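Chain and residue survey
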Amino acid sequence: MGETSQPVHDADTAKLLAWLADHDAPCPLCGYNLRALTRAVCPECKQELVLTVGAKRVRLAWFLIALAPGMFSGIAALFLAVPIVGQTLLGTGYPPWGILLVDVFGLASGGTAILLARRRVWFLRMQMPRQRSIAMSVWGVHVVMFIFLLTTVFFW
Ligand SMILES: [Zn+2]
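Please read these numbers as outputs of a predicted model, since none were measured by experiment. (Residues numbered from 1 in each chain as written. Predicted model: local features only at pLDDT ≥ 70, side-chain atom pairs only at ≥ 80, totals over all residues.)

**Regarding the nonpolar core**
Filter applied, for reference: What we call a nonpolar core is a set of buried Ala, Val, Leu, Ile, Met, Phe, Trp, Tyr and Cys residues whose membership is set by joining through C-beta atoms within 7 Å. For every residue, the other C-beta atoms within 10 Å of its own C-beta are counted; 20 or more classify it as buried, 12 or fewer as exposed, and values in between as partly exposed. C-beta atoms are placed from the backbone. Numbering goes from the N terminus for both helices and strands, where a helix is a DSSP run of H or I of at least four residues and a strand is a run of E of at least two. Contact criterion: two residues are in contact if their C-beta atoms, reconstructed from the backbone, are within 7 Å.
Listed in full, the six residues of the largest apolar core are Trp 62, Ala 66, Leu 67, Ala 113, Ala 135 and Val 138. Secondary-structure elements contributing two or more residues to this core are α2 (61-90) and α5 (128-154). Considering every element that reaches this core, the biggest residue donor is α2, with three residues. Contact partners of Ala 113, with chain neighbours within four places excluded, come to Leu 67, Gly 70, Met 71 and Gly 74.

Structure follows, in C-alpha cells:
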C-alpha cells in the first residue's frame, strides 16, 4: 500500500487477468464486476486482487444443529457441577442420583461436541441424509435427557 510502482504481473496474476477477460466475477470487497480487468486491482475500491482457491459452498446447517445441544449441555453441566461439588465438600448431603447422572451426561455431551467440532471434516464429508439423521439423534437423546432432568427436579 502506498507504493506507486507498477504491480508485478507474475504468472498467477496473468492467469487471473486471462480468466477475467471473459468471465464475470465480483470484487470480494465491494462487489464491483471485475470482468475485462487489465490490472490485478479493483477499479472501484482499489483492493489488490490475487488468484486463489475457493471452496464450494459448504453446508454447515446439520453440523451446527448437531453441535448445539452438546455445547449447551456441556456449559450447563459445568454450572450444575458447582452446587454438586459444593454440597459434597460441605458434607450437607448428596444430590439425587438423577441429578448426578444428568450432570455426567452433560459433561460427556460437551466433550463429544468438542470432539465433533475438531472432527468437522469427517462430519461434513458425509451425505446430507446421514448428517441429518446424526443431528436428529443428537437432539433426540438430549430431549429425552432434558425430560428426565425435569422429572428428577420435580420429585427432588
Ligand atoms: Zn472492489
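**Examining helix α3 (residues 97-118)**
Every α-helix winds through 3.6 residues per turn, so residues three or four apart in the chain are directed the same way. Formally: For a helix, the expected span equals 1.5 Å multiplied by the number of residues minus one. Summarising the geometry, the arc corresponds to the directions from the helix axis toward the C-beta atoms.
The end-to-end C-alpha separation of α3 is 32 Å, in line with the 32 Å expected for 22 residues at 1.5 Å each. By the burial criterion, the buried members of α3 are Val 102, Asp 103, Gly 106, Ser 109, Gly 110 and Ala 113. Along α3, the residues classed as buried sweep out an arc of 125 degrees about the axis, all on the same side. Across α3 from its buried face, at more than 90 degrees, point the exposed residues Trp 97, Val 104, Leu 115 and Arg 118.

**Quick notes on the packing of α2 against α5**
For clarity, the cut-off: Axes, fitted as lines to C-alpha atoms, cover a helix only where it is in contact. Angles between the N-to-C directions of the axes lie from 0 to 180 degrees. Angles below 35 degrees are treated as roughly parallel, those above 145 as roughly antiparallel, those between 65 and 115 as roughly perpendicular, and all remaining angles as oblique. When the near helix sits turned anticlockwise from the far one by under a right angle, the crossing is termed left-handed; a clockwise turn instead gives a right-handed crossing. We call Asp, Glu, Lys and Arg charged. Ala, Val, Leu, Ile, Met, Phe, Trp, Tyr, Cys and Pro are nonpolar, and the rest, Gly among them, are polar.
α5 packs onto α2 with a crossing angle of 20 degrees between their chain directions and a minimal axis gap of 8 Å. Compared by their axis directions, α2 and α5 come out roughly parallel. Crossing of α2 against α5: the hand is left-handed. Across the interface between the two elements, Trp 62, Phe 63, Ile 65, Ala 66, Pro 69, Gly 70 and Ser 73 of α2 pack against Met 128, Gln 131, Arg 132, Ile 134, Ala 135, Val 138, Trp 139 and His 142 of α5. For the contact of α2 with α5, the residue count by class is 10 nonpolar, four polar and one charged.

**What about the domain arrangement of the protein?**
What counts is decided by this rule: Domain delimitation in this document rests on an assignment produced automatically or drawn from a domain database.
What the domain assignment reports for the protein is domain 1 (8-54) and domain 2 (61-132 + 143-154). Relative placement of domain 1 and domain 2: their C-alpha centres are 47 Å apart.

**What to know about α2**
Helix length check: α2 (30 residues) gives 44 Å between terminal C-alpha atoms against 44 Å at 1.5 Å per residue, within 8%. The complete set of buried residues in α2 reads Trp 62, Ala 66, Leu 67, Pro 69, Gly 70, Ser 73 and Ala 77. Residues of α2 that are buried in the fold lie against α3 and α5. In the stretch just after α2, Gly 91 is the one whose phi turns positive, near 65 degrees.

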